[in-house]
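# Observations on the model geometry
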Amino acid sequence: MQGDEARVLLGFPPNSRPNASQVKAAYKRKVWECHPDLFPVGRKTDAESKFKLISEAYTYLLSGNFHLFTFL
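Quick notes on the rules
- Throughout this document, residue positions are counted from 1 along each chain, in the order its sequence is written.
- Under the rules for a predicted model, residues below a pLDDT of 70 receive no local features and side-chain atom pairs below 80 are neither given nor counted, while totals for whole chains, interfaces and linings still include all residues.
- Side-chain metrics in this entry use all non-hydrogen atoms of the structure; hydrogen atoms and water are not considered.
- In this description a helix means any DSSP run of H or I spanning at least four residues, a strand means any run of E spanning at least two, and both kinds are numbered starting from the N terminus.
- Under this definition, polar contacts are N or O atom pairs within 3.5 Å; protein pairs additionally need one hydrogen-donor-capable and one acceptor-capable atom, and for neighbouring residues in sequence, both atoms have to be side-chain atoms.
- Predictor confidence is given residue by residue as pLDDT, running from a minimum of 0 to a maximum of 100.
- We call two residues in contact whenever any of their non-hydrogen atoms come within 4.5 Å of each other.
- For a helix, the expected span equals 1.5 Å multiplied by the residue count minus one.
- Where helices are involved, their axes are fitted lines through C-alpha atoms of the stretch in contact, as for all axes, and angles between N-to-C directions lie from 0 to 180°.
- To sort the angles, those under 35 degrees are grouped as roughly parallel, those over 145 as roughly antiparallel, those from 65 to 115 as roughly perpendicular, and the leftovers as oblique.
- Note on residue classes: Ala, Val, Leu, Ile, Met, Phe, Trp, Tyr, Cys and Pro are nonpolar, Asp, Glu, Lys and Arg are charged, and everything else, Gly too, is polar.
- Only protein chains enter the accessibility calculation, which uses a 1.4 Å probe; a residue whose area is less than 20% of its type maximum is buried, one above 50% is exposed, and one in between is partly exposed.

With that out of the way, let us pick up the side chain of R7. Topologically, R7 is positioned in helix α1 (residues 3-9). For R7, the side chain forms a polar contact with the main-chain oxygen of P14, separated by 3.0 Å. Reaching out from R7, the side chain makes a polar contact with the backbone oxygen of S16 at a distance of 2.9 Å.

Okay, structure coming up:
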């Protein structure tokens, strides 16, 4: 996952530099929007895939790896 993609998934502009508290708040907000348990059976698989992407974006941004792509 690239930094811009992770930022956009969490609702930030592509070239932004959110701090850890902003990332956590955005993650909590997005998780409630797409948590698989909140969807009916027919839409659960779509919600699960979106939930996994958002979780991956959250982990990626908090790990600090996105700084490598910001300066290239």
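The predicted structure's coordinates, where accompanied by low pLDDT, should not be read in detail. Mean pLDDT over the protein works out to 86, with 88% of the residues at or above the 70 mark. The secondary-structure element of the protein with the lowest mean pLDDT is helix α4 (residues 66-70), recorded at 46, while helix α2 (residues 20-34) shows the highest, at 93. pLDDT under 50 marks residues 68-72. Its contacts with residues more than four places away, or in other chains, come to six contacts.

What follows deals with α2. When the terminal C-alpha atoms of α2 are compared, their 21 Å separation across 15 residues agrees well with the 21 Å that a helix rising 1.5 Å per residue should span. For α2, the secondary structure elements touched by its buried residues are α3 (44-63).

Time to look at the environment of A57. The topology assignment puts A57 in helix α3. Separated by 48 residues in sequence, A57 and L9 place their C-alpha atoms 6.9 Å apart.

Moving on, we come to the packing of α2 against α3. Where α2 meets α3, the closest approach of the two axes is 10 Å, and the angle between their N-to-C directions is 175 degrees. On the basis of the axis angle, α2 is roughly antiparallel to α3. On α3, the residues that touch A20, V23, K24, Y27, K30, V31 and C34 of α2 are A47, K50, F51, I54, S55, Y58, L61 and L62. Of the residues contributing to the contact of α2 with α3, the split by class is 11 nonpolar, one polar and three charged.

This part takes up α3. Helix length check: α3 (20 residues) gives 28 Å between terminal C-alpha atoms against 28 Å at 1.5 Å per residue, within 8%. Among all positions of α3, only A47, I54, S55, A57, Y60 and L61 are buried. Trailing α3 by a residue or two, G64 shows a phi angle of about 90 degrees, which is positive.

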